[in-house]
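# Structural characterization, general
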Amino acid sequence: MRTKVDERRQWDRLMAMARIGAIPGDGVNRACLTDLDRQARRKLIAWAKNIGASVSVDGAANLWLRRDGSDRDATPVVTGSHMDTQPNGGRFDGIYGVIAGLEALAALHDAGVVTRRPIEVVAWTNEEGGRFAPGCMGSMSWSGFRRIEEFADVTDPDGVRFADALATHLGSESDLPRRPLGSQPHAYVEAHIEQGPMLEAEGLDIGVVTGIQGSRWFTVTLTGETAHAGTTPLALRRDAVQDMLRAITALNALMHDPKDVLRFTVGRIAVEPNTSNSVANRASFTIDFRHPDKEVLLARGDAVAGVVQAAVRDAGVTVRETFHALPVEFAPLVIDAVERAATEQSCKQMRLPSGAFHDAQFVVPVCPTGMIFVPCRKGISHNPAEYSEPGQLAAGTRVLTQTLVGLANG
Ligand code: GLV
Ligand code: MN
Ligand code: MN
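These numbers were taken from a predicted model, which means no experiment stands behind them.

Taken together, E127, E128, R290, A356, F357 and H382 make up all the residues around ligand 1. Taking H382, its side chain carries an N or O atom lying 3.2 Å from an oxygen atom of ligand 1. For ligand 1, the protein covers 93% of the area, taking 190 Å² as the surface of the free molecule.

Our focus in this paragraph is the environment of M244. Locating M244 in the fold gives a position in helix α7 (residues 240-254). According to the relative accessible area criterion, M244 is buried, its value standing at 4%. When the C-alpha atoms of M244 and L234 are compared, they prove to be 16 Å apart, with 10 residues separating the residues in sequence. Filtering out sequence-adjacent residues up to four positions away, M244 remains in contact with L222, I269, V271, A283, S284 and F285.

Each α-helix winds once per 3.6 residues, and so residues spaced three or four apart point in a common direction. With 13 residues, helix α9 (residues 332-344) extends 18 Å between its outermost C-alpha atoms, agreeing within 8% with the 18 Å of an ideal straight helix rising 1.5 Å per residue. Turning to α9, its buried residues are V334, I335, A337, V338, A341 and A342. All buried residues of α9 project into a common sector of 165° when viewed along the axis, lining one side. Of the residues in α9, the exposed ones pointing more than 90 degrees away from the buried face are P332, T343 and E344. Close packing links the buried residues of α9 with β7 (187-193), β8 (206-212), β17 (349-354), β18 (369-374) and α11 (390-408).

Turning our attention to the coordination of the manganese ion (ligand 2). The coordination sphere of the manganese ion (ligand 2) contains the protein donors H82 (NE2), D93 (OD) and H192 (NE2), at a distance range of 2.0 to 2.3 Å. Binding-site remark: the manganese ion (ligand 2) is held by donors from one chain whose sequence spacing is H-x10-D-x98-H. A distance of 3.6 Å spans the gap from the manganese ion (ligand 2) to the manganese ion (ligand 3), which D93 bridges by coordinating each metal. Residue H82 is located in strand β5 (residues 77-82), and its partner D93 is located in the loop between β5 and α3 (95-111); the two are separated by 11 residues in the primary sequence. Across the pair, D93 and H82 agree in class, each one buried.

Criteria and cut-off values
Residues numbered from 1 in each chain as written. Chains lettered and ligands numbered in written order. Predicted model: local features only at pLDDT ≥ 70, side-chain atom pairs only at ≥ 80, totals over all residues. Heavy atoms only, no water. Near = heavy atom within 4 Å. Polar contact = N/O pair within 3.5 Å; in protein donor to acceptor, adjacent residues only side chain to side chain. Areas by Shrake-Rupley, 256 points an atom, 1.4 Å probe, with all protein chains shown as cover. Helix = DSSP H or I, 4+ residues; strand = E, 2+ residues; numbered from the N terminus. Buried < 20%, exposed > 50% of the residue type's maximum accessible area, 1.4 Å probe, protein only. Contact = heavy atoms within 4.5 Å. Expected span 1.5 Å × (residues − 1). Arc of directions from axis to C-beta. Donors = N, O, S within 2.8 Å, 3.2 Å for Na, K, Ca; no water.

In structure tokens form, the structure reads like this:
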């Protein structure tokens, strides 16, 4: 390839992004649709405009950078990822795929290479679901899997409605051309850190991702009655915390998997009034349940509500499903293109599935889709200690660039 990925430029840009929302221990807390998110997006827009890319935004605030091809009628090849982070996130999850896409465009620009198809880089809105649950709102509404209006009344921990945060945000980007929500790319390929230990353990450079396991999220809310901790006999209580424990214990039994393939997480718990000497009148908790086998995902996920109802004793209970993504398989067109590019770049590679979900999961029904993983230290992610070396990230971007060029000339 004539193009040359600039390892230093990419690293410096990643570190510049990491300063926006930096938290102790090298982490980042940059929630979607906040002022920090807007700052990061402005930086990206400036870098894109510097290389002549055109910038636009859609109705879900997905941000698009486009480099034209020679064929005006050709559908684009799209790459990208997300710029929001977990509340206690790292410097690479998501933003790497966006900066790698930009670096691919910059490398093509520097070398004066014109592809036949346009290449677009997208920064999807709210992949993480850390501020507004669920994640992947931007890609789900772009693909038509959900309508953006369905998320209007989701609130963040401060009670801000998603619809209001989105309107404020779009107002701040009213200088950008607005493009329709939804499009029909030729192909989509997303670069991401692996977020697991396989590539590092095997001493490899590149993961050629074959698909993504399924995920289901639920929120369980228990409503009891608050009472004095010193005077109220246990027999008279409707203690929401005790029922939450019963429910979680029953769910642990439902989700038991001797093979340790199934993933079951209770990651967020809220209790009211949350004082040590009052019985809780309200408790809620989230369930993040994942499995690569659709049958298991459907059967155990469908059993959640019944198991919770049967386990609680005194409190009222509601179980709401907030996210439902079936396992997906990526397209041979993209898998093969990534594999070929990795071989041509002399990268050591393996095929592997993704345990984490990604926006790519929702692009699958729209166009041939795939992903490229790069190793990350000890597989640590969703953690400030998340780390990949500049050279590992640059190798991933070289493979991404070559994949994009291959697909864009095809
Ligand atoms: C994505 O952030 C995930 O939780 O898999
Ligand atoms: Mn991510
Ligand atoms: Mn993540």
